[in-house]
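# Structure assessment
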Amino acid sequence: MLTASFFAVGTAESGTPKQSPVNVTPNAIRFDPHAPKLDVTYGHSALELKYIRKDTTAADGCTVRHHEETEEAEVEPGSGHVTVAGTRYDLVQFHFHTPSEHRFAGRATPLEMHLVHRSAEGKLLVVGVPLVVGSHSVVDDVLATLSPECGAPVEIEPVDLTRLLPPGHHTLHYTGSLTTAPFTEGVEWYLTGEQHVTAATIARFKGLFTAGNAREAQPLNGRTLVEVPRI
């Protein structure tokens with residue numbers, strides 16, 4: 001899910017693991033009227049789309065796809081943030097996985113976008129957006145030209161970050177982990193409804209990551225997902 005520079009605070013918890021991603025099942029969802037809302041404040045930002053390598057020391061690293069590599073869009077500082085229970089988390093970057101890492105009743109979508117936010121104390125909050133085939137969206141503009149593994153980043157003209165998110169305003173919240181090594185726990189996850197991208201964009205991304213770059217679903221181990229609104 002994340003590059004090495006975005007480790008959560010602390011080490012993985014002892015006892016029952018609380019790992020990500022998870023398979024969301026209807027009986028694991030609950031509603032808590034007192035759960036804090038996800039307050040999203042996004043603006044416009046130019047982007048730098050970079051290929052995130054995990055095999056820089058390998059002789060064939062420029063041609064072989066490591067299973068934790070991805071395309072990552074870095075945003076301008078201060079261009080977006082979310083607030084939960086009075087804590088602000090600034091948007092740092094967003095990246096993509098194929099197929100989706102989170103599953104819904106066992107079903108994966110073709111892509112999943114992770115919007116990574118970090119608080120002043122270093123705590124991580126990630127908004128996960130499942131991507132499905134449909135009409136053109138701003139995500140198509142972001143992934144129109146992919147950055148090569150050993151080439152220059154792609155500069156993208158300013159986009160409306162709000163349009164990365166789907167129209168519906170409900171999210172599912174749970175506490176999990178990074179989905180790449182070292183799988184540190186304590187990451188706050190918010191899963192949205194589906195966002196549309198074109199079939200051409202999905203094919204382009206899958207054409208680069210032919211073997212996929214998603215971690216398998218991890219056990220819930222008694223965790224529930226709380227339905228909360230996004231405002």
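Okay, the pattern of salt bridges next. Evaluated as defined, the whole model comprises 8 salt bridges. Of the charged contacts, one joins Lys54 and Glu68 as a salt bridge, the two residues approaching to 3.4 Å between their closest N and O atoms. Taken together, the residues Lys54 in the loop between strand E4 (44-52) and strand E5 (70-75) and Glu68 in the loop between E4 and E5 connect sequence positions 14 residues apart. Here Lys54 falls in the partly exposed class, since its relative accessible area comes to 28%.

Trans peptide bonds make up the majority, and among non-glycine residues the majority have a negative phi. Cis peptide bonds are those with omega within 30 degrees of zero, and the linkage from Ser20 to Pro21 qualifies with 0°. On the secondary structure map, Pro21 appears in the segment before strand E1 (23-24). Here the bond from Ala181 into Pro182 is cis, since omega is 15°, no more than 30 degrees from zero. Structurally, Pro182 is set in the loop between strand E12 (170-177) and strand E13 (185-191). Its identity as a non-glycine residue notwithstanding, Phe183 has a phi of 60°, on the positive side.

Right, let's talk about the environment of Leu146 for a bit. In this structure, Leu146 sits in the loop between helix H1 (138-142) and strand E11 (154-160). Remark: the alpha-carbon pair of Leu146 and Phe205, spanning 59 residues in sequence, is separated by 7.7 Å. The contacts of Leu146, once residues within four sequence positions are left out, are Leu49, Glu71, Val154, Arg204, Phe205 and Leu208.

The subject of this paragraph is the nonpolar core. Counting 41 residues, the largest nonpolar core has Leu47, Phe94, Phe96, Met113, Leu115, Val142 and Leu164 as the members making the most contacts within it. With residues up to four places along the chain from it excluded, the contact list for Val142 reads Leu47, Leu49, Ala73, Phe94, Phe96, Ile156 and Leu164. One finds Val24, Leu124, Val126 and Leu220 within the second-largest nonpolar core, a separate group that totals 14 residues.

Moving on, we get to the side chain of Asn213. Within the element layout of this structure, Asn213 appears in the loop between helix H2 (199-208) and strand E15 (225-229). On the basis of relative accessibility, which here comes to 2%, the residue Asn213 falls in the buried class. Within the structure, Asn213 has its side chain in polar contact with the backbone oxygen of Glu69 (distance 2.9 Å). Here Thr98 takes part through its backbone nitrogen, which lies 2.7 Å from a polar atom of the side chain of Asn213.

Moving on, we get to the packing of aromatic side chains. Taken as a whole and assessed by the stated rule, the structure comprises 5 aromatic pairs. With a centroid separation of 4.8 Å and 35° between ring planes, the pair formed by Phe205 and Phe209 is classed as tilted. For Phe209, a relative accessible area of 2% corresponds to the buried category.

Turning our attention to H2. Of all the residues in H2, the buried ones are Thr201, Ile202, Phe205 and Leu208. Each buried residue of H2 sits inside an arc of 130° when the element is viewed along its axis, so together they form one side.

The next point concerns the state of the cysteines. By definition, a disulfide links the sulfur atoms of two cysteines through a covalent bond. Here the structure, examined in full by the defined rule, presents 1 disulfide. In this model, Cys62 is linked to Cys150 through a disulfide, with the two sulfur atoms separated by 2.0 Å. Between Cys62 and Cys150, the S-S torsion sits near -90°, and that sign places the bridge as left-handed. Linking Cys62 in the loop between E4 and E5 with Cys150 in the loop between H1 and E11, this pair joins segments that are 88 residues apart in sequence.

Conventions and cut-offs
- Residues numbered from 1 in each chain as written.
- Predicted model: local features only at pLDDT ≥ 70, side-chain atom pairs only at ≥ 80, totals over all residues.
- Heavy atoms only, no water.
- Salt bridge = Lys/Arg side-chain N within 4 Å of Asp/Glu carboxyl O.
- Helix = DSSP H or I, 4+ residues; strand = E, 2+ residues; numbered from the N terminus.
- Buried < 20%, exposed > 50% of the residue type's maximum accessible area, 1.4 Å probe, protein only.
- Contact = heavy atoms within 4.5 Å.
- Core = buried A, V, L, I, M, F, W, Y, C linked by side-chain atoms within 4.5 Å.
- Polar contact = N/O pair within 3.5 Å; in protein donor to acceptor, adjacent residues only side chain to side chain.
- Phe/Tyr/Trp six-rings, centres within 6.5 Å; stacked < 30°, edge-to-face > 60°.
- Arc of directions from axis to C-beta.
- Disulfide = S-S within 2.5 Å.

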